[in-house]
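Observations on the three-dimensional arrangement
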Amino acid sequence: MSIRRLTPGERLTTSFPLQAYSFDETPRPADEAESMRDWLPYQEGNRTLVAEADGTAVACASAIPMRQNLRGAVLPMAGVAGLASHPLARRQGHVRDLMHQLLDEMLDEGHVLSALYPFRPSFYERFGYVGLPAPRTATFPPDDLAALLRVKLPGELVWQRTGAGYDEYAAFHDRCLVQRHGFAVLPEYRRIRVRDDDNRWLVTARVDGVTEGLLTYRIDGYGGTLEGGHLLATSPLARALLLQFLARHVDQVERVSVVVAPDDLPELWATDLGVVCETRVTRPDESAPMARVLSMDALAGLPADAGCCRVELTGDRWLAGTYLLDGTTGQLEIRSRASVGAVDPPSATLTAAGLSALAYGALDPAEVVVRGLGDVPTDAMLELRRLFPRELPYLCASF
Ligand SMILES: CC(C)(COP(=O)(O)OP(=O)(O)OC[C@H]1O[C@@H](n2cnc3c(N)ncnc32)[C@H](O)[C@@H]1OP(=O)(O)O)[C@@H](O)C(=O)NCCC(=O)NCCS
């Protein structure tokens, strides 16, 4: 078995058929493969590896060069997608080998973080990934926002299709990337599909001429549902403007649904608002995202409270080693084993998933222990809480 990187043109006949078998309704008409050619430009910059046996592709895996905010730092992140192996070649270690090489290569190119949507989280926990919160869907009748219609709000709404409004859409996502922990964006060659598909409405809220909120949506018919995407707002005023816009659909649609961040509180948006907030996580297709730290460089310089802990990272291809994590300057400093001996701080042992859970703010150190992702004595827990205060990440991007 050998592993090699595909050229973009080879995808059509090599990785796409494996992925189509794994993720789509099959079998398909024999000539339908050609229709997937339209999808090629959106994969152009991906790194796609295949495992081949006797010249035939038996498994494939791709990484998308993305960017993600980790506690305020925008860092290169490898979005892993399209893992598939041929049904006759499963459970032979092909995907494990592909994952190792894929992440080796992405790290060499500077991707210090990685994220994915798992078919089964325990499969990826062994590769150092940990679960992040899933976004929630808030569903409500637009009538319940009627009171908002009487409020005079400064600012303006702009309504267009996603094709026409793409530049504003992209610029606002880039702004959220800088502002929101966990937020990730796709590379331009992939994101631009939103413009090319042009199949959703885009409403933006501008305050003093600056975009502060955004929602894309579709309506499935008169008396039906206004199905919104992520309701993104960098200010309460912008969110109120968007909700006011949704309220104007009273008597047109029966219900509105929007996707909100895990820490958003729709029940506080308006008095008398009846709202159902739902998080659906099922296997294999409705998954919460997972992420991992691929290099300790990702943590250097992050804001931290004054804590100090020696951490031994075990069983990981990329992070194994002993480090001193020091937050006494207000910024995380990472020192490798050589300088650990000089001080004697509390010590903890963590898996890569355990460290990732703390870095992403997804779990408390006590939960890391309960979940079997580390051995953390009480004194080290106190230090780690100072170094990695709980902060809920919001990935937002789907890939
Ligand atoms: C999931 C899938 C990619 C795994 O591929 P594979 O080539 O069988 O995986 P590997 O043989 O490299 O497995 C690596 C390890 O995970 C284990 N494993 C594989 N599939 C597993 C599963 N469904 N559940 C739990 N463990 C699993 C293997 O036993 C192996 O363990 P080991 O390291 O102790 O030997 C493959 O079954 C597939 O194509 N499924 C359909 C598409 C899909 O779900 N893709 C993933 C999208 S996120």
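Up top is the structure these notes are about.
As the structure is a prediction and not an experimental result, all values here were calculated from the model.

**Some details on the nonpolar core**
Formed by 50 residues in total, the largest nonpolar core has its most connected members in Leu113, Val293, Leu299, Leu384 and Phe388. Of the residues forming this core, the biggest block, six residues, is contributed by helix α8 (residues 352-359). Apart from the residues lying within four places of it in its own chain, the contact partners of Leu384 are Cys309, Val311, Ala348, Leu358, Pro365 and Val376.

**Looking at the environment of Gly182**
Among the secondary structure elements, Gly182 is positioned in the loop between α4 (166-179) and β9 (184-185). The class of Gly182 is buried, set by a relative accessible area of 0%. Sequence separation between Gly182 and Glu391 is 209 residues, and the spatial gap between their C-alpha atoms is 9.3 Å. In this structure, Gly182 is in contact with Gln68, Asn69, Pro393, Tyr394 and Leu395, ignoring residues within four places of it in sequence.

**Description of the pattern of salt bridges**
Taken as a whole and judged by the stated rule, the model has 27 salt bridges. The residue Asp198 makes a salt bridge to Arg161 at a minimum N-O spacing of 3.4 Å. With Asp198 in the loop between α6 (193-197) and β10 (201-207) and Arg161 in strand β8 (residues 156-161), the pair connects residues that are 37 residues apart, well separated along the chain. Taking relative accessible area as the criterion, Asp198 reaches 24% and is therefore assigned partly exposed. We note a salt bridge from Arg200 to Glu227, for which the minimum N-O separation is 3.5 Å. With Arg200 in the loop between α6 and β10 and Glu227 in strand β12 (residues 225-230), this pair connects stretches of sequence that are 27 residues apart. Under the relative-accessibility criterion, Glu227 is labelled partly exposed at 34%. What you see here is one network of salt bridges that share partners, running through Arg67, Asp174, Glu188 and Arg191.

Thresholds applied
- Residues numbered from 1 in each chain as written.
- Predicted model: local features only at pLDDT ≥ 70, side-chain atom pairs only at ≥ 80, totals over all residues.
- Heavy atoms only, no water.
- Core = buried A, V, L, I, M, F, W, Y, C linked by side-chain atoms within 4.5 Å.
- Buried < 20%, exposed > 50% of the residue type's maximum accessible area, 1.4 Å probe, protein only.
- Helix = DSSP H or I, 4+ residues; strand = E, 2+ residues; numbered from the N terminus.
- Contact = heavy atoms within 4.5 Å.
- Salt bridge = Lys/Arg side-chain N within 4 Å of Asp/Glu carboxyl O.

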